[in-house]
Amino acid sequence: AAASVSLKSSLFLSSPLSDFGGAAISISAQNRRRSWQPRGARMQVAAAADSKNILIMGGTRFIGLFLSRKLVQEGHQVTLFTRGKAPITQQLPGESDAEYAEFSSKVLHLKGDRKDFDFVKTSLSAKGFNVVYDINGREATEVSPILEALPNLEQFIYCSSAGVYLKSDLLPHFETDAVDPKSRHKGKLETESLLETSGVNWTSIRPVYIYGPLNYNPVEEWFFHRLKAGRPIPIPNAGNQITQLGHVKVVDLATAFIKVLGNPKASKQVYNISGSKYVTFDGLARACAKAGGFPEPEIIHYNPKDFDFGKKKAFPFRDQHFFASVEKASKDLGVTPEYDLLDGLTDSYNLDFGRGTFRKEADFTTDDMILGKKLVSV
């Protein structure tokens, strides 16, 4: 079985496993401004000859918010393809009004539904994009029209998922590991297969768990809600399940997407992207407490088989060891995570939850079921 380890003495595990113990086009000039960058960072604009006409499928949530800023910062023309139901740009936590204004003034918008394949073909072929970043594609059928519309595409960069790997006792997952055709991410697998046989120059990024400010998935937010409420944190089984998180910005995910752009080493390659360290579920709970300045959390372990939670999700992670090697990305792309996990969680808390902003309201229904049973047992 995969190795497990108690984190009584340490929050984090080092990376090697041996160390364990029909829409109309809307190009809006108003949605143009300057890219967000870390406080104190200098603008580095690419030479005009290197500037690309880039399309981002999606781009108005989480990953796309940070990626679009980095691309604009490097001097590229960026167009976001969305249905227009959400604001095309939004100011990031910690971003000045001037930075946001400049970024928004430089971003274009193409309004449409990517499932309207005729519209996709017509609108994209008219624009002649050099590069496509597909952040929200889930099915291969959604990608085919893009490839047909852009026969001279220089690169197609796809956001896949490490969730495509077949569950294994041998960890970490490498890019060459067996994949699960029955995975809930099978559409991403099929998309990778399409890209591989299409003849296009492509790169696929497989993140593990992503965290950071504006995360719409309840990853760190799940823990922060419970810590703020002063509640125990229910964690399935022994809590020594090992997992891995990668920060959305700086030198984790968003930068990895930048570093594959035009990189010959990234041609027709798949890369795992995440943080360089692994952590247990219990360790993650304690790290979230430290990040938010909360006391040491009370952790309650439970057996999920003892409960019927219905359609509710009692815990935000897979109840298993799940982590991947990032050695290939480090070697080929020079990707080195800037944040360790505690610093990354602190950044997320300070720029988001700690300011009173979050994506989902707290729901302690399953927690109360678990705690109720524990009290009866005692």
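Everything that follows concerns the structure shown earlier in this document.
This is a predicted model, so every value here is computed, not measured.

Undergrad: So what about the packing of helix 6 (residues 220-228) against helix 8 (residues 281-292)? Which residues, and what values?
TA: For the pair helix 6 and helix 8, interaxial distance at closest approach is 10 Å and the crossing angle is 65°. Both helix 6 and helix 8 take part in a crossing whose hand is right-handed. Each of Glu220, Phe223, Phe224 and Leu227 in helix 6 lies in contact with helix 8, whose residues at this interface are Leu284, Ala285, Cys288 and Ala289. Across the contact of helix 6 with helix 8, the residue classes break down as seven nonpolar, no polar and one charged.

Undergrad: Just give me the short version of the pairing of strand 7 (residues 202-207), but keep the residues and values in it.
TA: Two faces belong to every sheet, and in a regular strand the side chains alternate between them. In terms of burial, strand 7 is a largely internal element, six of the six residues being buried. Where strand 6 (residues 155-159) and strand 7 come together, four bridges link them in parallel fashion. Looking at strand 7, one finds that Phe156 is bridged to Trp202. Taking the sense of rotation as the criterion, the β-α-β connection linking strand 6, helix 5 (residues 186-198) and strand 7 turns out right-handed.

Undergrad: Kindly report on the side chain of Thr366, identifying the contributing residues and their values.
TA: By secondary structure assignment, the location of Thr366 is in helix 11 (residues 365-377). Taking relative accessible area as the criterion, Thr366 reaches 5% and is therefore assigned buried. Among residues more than four places away in sequence, those in contact with Thr366 are Phe309, Lys312, Lys313 and Ala314.

Undergrad: Before we move on, can you summarise the pattern of salt bridges with the specific residues and values?
TA: Evaluation of the coordinates by the stated rule reveals 11 salt bridges. Ionic pairing is found between Glu95 and Arg69, a salt bridge with its closest N-O pair at 3.0 Å. Pair noted here: Glu95 is in the loop between strand 3 (77-82) and helix 2 (97-106) and Arg69 is in helix 1 (residues 63-73), with a separation of 26 residues, a long-range link. An identical accessibility class is assigned to Glu95 and Arg69; each is buried. Between Asp367 and Arg226 there is a salt bridge whose closest N-O contact spans 2.7 Å. Here Arg226 lies in helix 6 and Asp367 lies in helix 11, a separation of 141 residues in the sequence. Within this structure, Arg114, Asp134 and Glu142 form a network of salt bridges that share partners.

Undergrad: Run through the packing of aromatic side chains, naming residues and quoting values.
TA: This structure, assessed with the given rule, holds 20 aromatic pairs. With centroids separated by 4.5 Å and ring planes inclined at 75°, the aromatic side chains of Tyr209 and Phe317 adopt a geometry described as edge-to-face. Of the two residues, Tyr209 is situated in strand 8 (residues 209-211) and Phe317 in the loop between strand 14 (299-302) and helix 9 (327-333); the sequence distance between them amounts to 108 residues. In this pair, the class of Tyr209 matches that of Phe317, namely buried. Both rings, one in Trp222 and one in Phe223, keep their centres 4.9 Å apart while their planes meet at 80°; by these two values the pair is edge-to-face. Considered together, Trp222 and Phe223 belong to a single accessibility category, that of buried residues.

Undergrad: Tell me about helix 10 (residues 341-351), residues and numbers included.
TA: An α-helix turns once every 3.6 residues. As a result, residues three or four positions apart point the same way. Among all positions of helix 10, only Leu341, Gly344, Leu345, Asp347, Ser348, Tyr349 and Leu351 are buried. The N-terminus of helix 10 is capped by Asp340, whose side-chain oxygen sits 3.3 Å from the backbone nitrogen of Leu342.

Undergrad: Describe the nonpolar core, listing the residues and the values that go with them.
TA: With 37 residues, the main nonpolar core has Ile56, Ile63, Leu71, Tyr133 and Phe257 as its most contacted residues. In terms of residue count, the dominant contributor to this core is helix 1 (six residues). Look past the residues within four positions of Leu71 in its chain and what remains in contact with it is Ile54, Ile56, His76, Val78, Tyr133, Ile258 and Leu261. Counting 36 residues, the second largest nonpolar core, distinct from the first, contains Tyr211, Ile300, Phe309 and Tyr349.

Procedures and definitions
Residues numbered from 1 in each chain as written. Predicted model: local features only at pLDDT ≥ 70, side-chain atom pairs only at ≥ 80, totals over all residues. Heavy atoms only, no water. Axes fitted to C-alpha atoms, helices over the stretch in contact; angles between N-to-C directions. Helix = DSSP H or I, 4+ residues; strand = E, 2+ residues; numbered from the N terminus. Left-handed = near helix turned anticlockwise from the far one by under 90°. Contact = heavy atoms within 4.5 Å. Nonpolar A, V, L, I, M, F, W, Y, C, P; charged D, E, K, R; others polar. Buried < 20%, exposed > 50% of the residue type's maximum accessible area, 1.4 Å probe, protein only. Pairing = 2+ DSSP bridges. Right-handed = clockwise from strand over helix to strand, strands pointing away. Salt bridge = Lys/Arg side-chain N within 4 Å of Asp/Glu carboxyl O. Phe/Tyr/Trp six-rings, centres within 6.5 Å; stacked < 30°, edge-to-face > 60°. Polar contact = N/O pair within 3.5 Å; in protein donor to acceptor, adjacent residues only side chain to side chain. Core = buried A, V, L, I, M, F, W, Y, C linked by side-chain atoms within 4.5 Å.

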